[in-house]
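Secondary and tertiary structure notes
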Amino acid sequence: NVEYSPNGWLDLVGETTIGYTKQTDDVNSVELSPRVGVRLHLFSRYTDAVIRKRELSPKRRPVVRNLLRVESRNFIYSGAGGGSDSSWRFRNRLELLLPLNKQRLTDDGVAYTLADWEWFVPLDEPEERFASRQRIRTGLGYRRSSAWRYEVLYMWTRSRNTVEDGFSTSDNIIDVRVKRVF
């Protein structure tokens, strides 16, 4: 993940993921998904007060932002019916972060809570499982310094295979993160 903040209300985001999915009992896939997008800070940050660690400080205690991304999903299938496929998907994540023990999220030693809701919308008709999703995440984080952050998140995801189908699967996930910022 690479992010760049050209101004106080906008971040440019570029990232890629590699994943493995058991599609069915006979078919597995490897996915390579580059993404590009923007993060909009709905309560913009201070642009004239860049703090000593080159971060833009939020103007308000709660931070509300929206992450919009488009991703190219590229699949390589193994097992029965091998081959490859690609599709495009739009993602939108509305985020809320709130510091608990300090005034701002950019303060070292801050503990914070976060919650977000993300929806995944296919831009074409992919031939793979879990084409359309909705995800809710909530959890706690701790920022030791500008370089080190730790988060524990609970995620609930529901999925459907096609746009016409109802949501048929549901996942409960615990996500533990250690973030190193350069």
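For the structure itself, look to the data block above.
So, here's what we can say about the structure. The model shown is predicted, which means the values in this text are computed figures rather than measured ones.

**Some thoughts on the side chain of Arg35**
For Arg35, the location among the structural elements is in strand E3 (residues 27-41). Among the residues examined, Arg35 registers a relative accessible area of 11% and is labelled buried. There is a polar contact of 2.4 Å between the side chain of Arg35 and the side chain of Glu71. Apart from residues no more than four positions distant in its own chain, Arg35 is found in contact with Val13, Gly14, Glu15, Thr17, Arg69, Val70, Glu71 and Arg91.

**Some thoughts on a nonpolar patch on the surface**
A cluster of nonpolar residues, Ile18, Tyr20, Val30, Leu32 and Ile76, forms a patch on the protein surface that exposes about 560 Å² of accessible area. Those elements that provide at least two residues to the nonpolar patch are strand E2 (10-22) and E3.

**Thoughts on the sheet that holds E3**
The sheet built from nine strands is open, its strands ordered E1-E2-E3-E4-E5-E6-E7-E8-E9 with antiparallel pairing. Single-partner strands in this sheet number two, and they are strand E1 (2-7) and strand E9 (169-180). Averaged over all adjacent pairs, the angle separating strand axes in this sheet is 20°, with direction ignored. Relative to E9, strand E8 (residues 148-160) runs antiparallel, the two sharing twelve bridges. Bridging across to E9, Leu153 finds its partner in Asp175.

**Some words on the nonpolar core**
If you look at the biggest cluster of nonpolar residues, it comprises seven residues: Val63, Leu97, Leu105, Val110, Tyr112, Leu114 and Leu153. Broken down by element, this core gets its largest block of residues, three residues, from strand E6 (residues 110-122). Beyond its immediate chain neighbours, meaning those up to four positions away, Leu97 contacts Arg61, Pro62, Val63, Arg65, Leu105, Tyr112, Thr113 and Leu114.

**Some thoughts on the pattern of salt bridges**
Close approach of charged atoms lets side chains of opposite charge pair. On inspection of all chains with the given rule, the structure shows 19 salt bridges. Across the pair Glu15 and Arg35 runs a salt bridge whose closest N-O atoms are separated by 3.2 Å. Taken together, the residues Glu15 in strand E2 and Arg35 in strand E3 connect sequence positions 20 residues apart. Arg73 is the salt-bridge partner of Glu31, the closest N and O atoms lying 2.8 Å from each other. Linking Glu31 in strand E3 with Arg73 in strand E4 (residues 63-79), this pair joins segments that are 42 residues apart in sequence.

Basis of the calculations
Residues numbered from 1 in each chain as written. Predicted model: local features only at pLDDT ≥ 70, side-chain atom pairs only at ≥ 80, totals over all residues. Heavy atoms only, no water. Helix = DSSP H or I, 4+ residues; strand = E, 2+ residues; numbered from the N terminus. Buried < 20%, exposed > 50% of the residue type's maximum accessible area, 1.4 Å probe, protein only. Polar contact = N/O pair within 3.5 Å; in protein donor to acceptor, adjacent residues only side chain to side chain. Contact = heavy atoms within 4.5 Å. Patch = residues over 30% accessible without salt bridge, like charges linked within 9 Å, V, L, I, M, F, W, Y side chains within 5 Å. Areas by Shrake-Rupley, 256 points an atom, 1.4 Å probe, with all protein chains shown as cover. Salt bridge = Lys/Arg side-chain N within 4 Å of Asp/Glu carboxyl O. Pairing = 2+ DSSP bridges. Axes fitted to C-alpha atoms, helices over the stretch in contact; angles between N-to-C directions. Core = buried A, V, L, I, M, F, W, Y, C linked by side-chain atoms within 4.5 Å.

Keep in mind that these numbers describe shape and distance, not what the molecule does.
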